[in-house]
Amino acid sequence: GELFPSDTPHGFFMDRFAESYRAELSVFLEVCAGTRPSPCTAQDALEVAWIAEAATESLRRGAPVTLEEVRS
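Not measured: the values here are computed from a predicted model. (Residues numbered from 1 in each chain as written. Predicted model: local features only at pLDDT ≥ 70, side-chain atom pairs only at ≥ 80, totals over all residues. Heavy atoms only, no water.)

Visitor: Which residues make up the overall build of the protein, and what values do they have?
Guide: What the protein contains, in helices and strands, is three helices and zero strands. Listing every helix and strand of the protein by position from the N terminus yields α-α-α. C-alpha atoms of the protein, sized along the principal axes, occupy 45 × 35 × 25 Å. Within the span of the protein, comprising 72 residues, buried residues form 7% of the whole. Carbon and sulfur atoms provide 61% of the accessible area of the protein, an area that totals close to 6500 Å². Averaging the positions of the 6 positive and the 12 negative side-chain charges in the protein gives two centres separated by 4 Å. (Helix = DSSP H or I, 4+ residues; strand = E, 2+ residues; numbered from the N terminus. Buried < 20%, exposed > 50% of the residue type's maximum accessible area, 1.4 Å probe, protein only. Areas by Shrake-Rupley, 256 points an atom, 1.4 Å probe, with all protein chains shown as cover. Lys, Arg positive; Asp, Glu negative; His and termini not counted. Charge placed at Lys NZ, Arg CZ, Asp CG, Glu CD.)

This is the structure:
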């Protein structure tokens, strides 16, 4: 039931994500300046590492890999 967007397509990925990058950079600079705590926890970083591990293994195998597989 979904239709392809009828708007003009973005010519460059930064056009699509510019607002998000600005917001992320703003928070990053606030964390660096010590004016706010990091919104990312150590657990967040660990989850990203598991995702990267699964993606790497998926590339090696040429098949999908679940997070449960790499965590075991």
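Visitor: Tell me about helix α1 (residues 13-33), and name the residues and values.
Guide: With 21 residues, α1 should reach 30 Å at 1.5 Å per residue; the first-to-last C-alpha distance of 29 Å fits that figure. When the local axis directions of α1 are compared, the greatest deviation, roughly 45 degrees, occurs at E19. Downstream of α1 by one or two residues, G34 has phi in the positive range, about 80 degrees. (Expected span 1.5 Å × (residues − 1). Bend = angle between axes of the 7 residues up to and from the residue.)

Read these as geometric descriptors, not functional statements.
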